[in-house]
Amino acid sequence: MKTVIELLHFAAGRYGDKAYLAQKQEGRWITTSYKEADKISDSFAVAMLVHGIGRGENYAILAEGQSSWVLGEFGLLKAGCVAVPLSTKLSPEEIYFRLDHSEAKAILVSENNFSKVAEILPKLEKKPLFIIISDKNDHMEKNA
């Protein structure tokens, strides 16, 4: 049995520069190869470890499907973290409950879901590290 990380390493070696992920940005598709995905997620894992996110700790993801979500999850798995996936359909109160009970040390959040987390942040006793996985925009600045 192989882990998803082992499968990514295998695919990076076998398929290298072939497109693995694609995301539409400003009207055109931006692709990430298997090799790039492996390297980017390695770098993300190191960044998380530098920020004190460690093996066995919980992290949450609140985002719609996008390349940065996949890369972030791979990186956190490589750092030995545990995923706490959150549905984008959750209300702010439901997000609060899940973050509070999971004791998530960090949350990967997209710009479309940032305001939900910003709304409940003052209520959280333990504030998670925010990891924004999409470009910052005016909407996020108003809610920060």
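Not measured: the values here are computed from a predicted model.

Student: Which parts of the structure should I look at to understand the nonpolar core?
Tutor: Grouped burial of nonpolar side chains is what soluble globular proteins tend to show. Core analysis: the biggest nonpolar cluster contains 15 residues, and Ala 60, Leu 62, Leu 86, Ile 95, Leu 99 and Ile 107 have the highest contact counts within it. The element contributing the most residues to this core is helix H5 (residues 114-120), with four residues. If sequence neighbours within four positions are ignored, Leu 62 has contacts with Leu 86, Ser 87, Thr 88, Ile 95, Ile 107, Leu 108, Val 109, Ser 110, Asn 113 and Val 117.

Student: Help me understand the packing of helix H1 (residues 4-15) against helix H3 (residues 67-78) in this model?
Tutor: Each packed pair of helices is defined by two parameters, the angle between the axes and the distance between the axes. Packing of H1 against H3 brings their axes to within 10 Å, and their N-to-C directions diverge by 115°. Crossing of H1 over H3 shows left-handed handedness. Touching Val 4, Ile 5, Leu 8 and His 9 of H1 are Phe 74, Leu 77 and Lys 78, all from H3. Looking at the contact of H1 with H3 residue by residue, the class counts come to five nonpolar, one polar and one charged.

Student: Help me out: how do you make sense of the pattern of salt bridges in this one?
Tutor: Between side chains of opposite charge, a pair can form when the charged atoms approach closely. One pass over the structure, following the stated rule, counts three salt bridges. The closest approach of N and O atoms between Asp 38 and Lys 78, which form a salt bridge, is 2.6 Å. Taken together, the positions of Asp 38 in helix H2 (residues 34-50) and Lys 78 in helix H3 put the pair 40 residues apart, joining distant regions of the chain. Of the residues examined, Asp 38 reaches a relative accessible area of 11% and is grouped as buried.

Student: Is there a simple way to explain unusual backbone geometry in this structure?
Tutor: For residues besides glycine, phi is generally negative; the peptide bonds are generally trans as well. With a phi angle near 50°, Glu 26 is a residue other than glycine that sits in the positive phi range. Secondary-structure assignment places Glu 26 in the loop between strand E1 (19-25) and strand E2 (28-33). Its relative accessible area of 86% is what places Glu 26 among the exposed residues. Of note in this structure, Glu 103 is not a glycine but carries a positive phi near 55°. Structurally, the position occupied by Glu 103 is in the loop between helix H4 (92-102) and strand E5 (106-109). Under the relative-accessibility criterion, Glu 103 is labelled exposed at 51%.

Student: Would you explain the pairing of E1 in this entry?
Tutor: Two faces belong to every sheet, and in a regular strand the side chains alternate between them. Pairing geometry for E1 and E2, over six bridges, is antiparallel. Following the sheet pairing, Ala 22 is matched in E2 by Thr 31. Counting the residues that bridge the hairpin from E1 to E2 gives two residues, and of these Glu 26 lies at a positive phi of roughly 50°.

Student: Which parts of the structure should I look at to understand H3?
Tutor: A turn of α-helix holds 3.6 residues, and therefore any two residues three or four places apart point the same way. Its twelve residues place the ends of H3 17 Å apart at the C-alpha level, agreeing with the 16 Å of an ideal helix rising 1.5 Å per residue. Looking only at H3, the buried set comprises Ser 67, Leu 71, Gly 72, Glu 73, Phe 74, Gly 75, Leu 76 and Lys 78. Tucked inside the fold, the buried residues of H3 contact H1, E1, H2, strand E3 (58-62), strand E4 (82-85) and E5. Just past H3, the residue Gly 80 takes up positive phi, approximately 85°.

Student: Help me understand the confidence of the model for the protein in this model?
Tutor: Detailed conclusions should not be drawn from predicted coordinates in areas where pLDDT is low. For the protein, per-residue confidence averages 89 on the pLDDT scale, and residues scoring 70 or more make up 92% of the total. H1 holds the highest mean pLDDT among the elements of the protein, 96, whereas helix H6 (residues 138-143) holds the lowest, 49.

Student: Is there a simple way to explain the packing of H1 against H2 in this structure?
Tutor: Interaxial distance between H1 and H2 falls to 7 Å at its minimum, and their mutual angle equals 140°. By the angle between their axes, H1 is oblique relative to H2. You can see that H1 and H2 cross each other, and the crossing is left-handed. Residues Leu 8, His 9, Ala 11, Ala 12 and Tyr 15 of H1 form the contact with H2, whose own contacting residues are Tyr 34, Lys 35, Ala 37, Asp 38, Ser 41 and Asp 42. Residue classes in the contact of H1 with H2 are distributed as six nonpolar, two polar and three charged.

What counts as what
- Along every chain, residues carry numbers that run from 1 in the direction the sequence is written.
- The model is predicted, so local features are restricted to residues of pLDDT at least 70 and side-chain atom pairs to those at 80 or more, both for listing and for counting; the totals for chains, interfaces and linings are taken over all residues.
- The basis for every side-chain value is the complete set of non-hydrogen atoms in the structure, without hydrogens or water.
- We call a set of buried Ala, Val, Leu, Ile, Met, Phe, Trp, Tyr and Cys residues a nonpolar core when their side-chain atoms join them within 4.5 Å.
- Here's how the labels work: a residue is buried when its accessible area is under 20% of the maximum for its type, exposed when over 50%, partly exposed in between, all with a 1.4 Å probe on protein chains only.
- The helix count covers DSSP runs of H or I at least four residues long, the strand count covers runs of E at least two residues long, and both are numbered beginning at the N terminus.
- Every residue pair with non-hydrogen atoms within 4.5 Å of one another is taken to be in contact.
- To get an axis, a line is fitted to the C-alpha atoms, and for a helix only the part in contact is used. The angle between two axes follows their N-to-C directions and goes from 0 to 180 degrees.
- It is the rotation of the near helix from the far one that decides the hand of a crossing: anticlockwise by less than a right angle makes it left-handed, clockwise makes it right-handed.
- Residues are grouped as follows: nonpolar covers Ala, Val, Leu, Ile, Met, Phe, Trp, Tyr, Cys and Pro; charged covers Asp, Glu, Lys and Arg; every other residue, Gly included, is treated as polar.
- Whenever a carboxyl oxygen of Asp or Glu lies within 4 Å of a side-chain nitrogen of Lys or Arg, that contact is scored as a salt bridge.
- Note on pairing: DSSP must find at least two bridges between two strands before they are called paired.
- Each helix should span, by expectation, one fewer than its residue count multiplied by 1.5 Å.
- Scored from 0 to 100, pLDDT reflects the predictor's confidence in each residue.
- Angles below 35 degrees are treated as roughly parallel, those above 145 as roughly antiparallel, those between 65 and 115 as roughly perpendicular, and all remaining angles as oblique.

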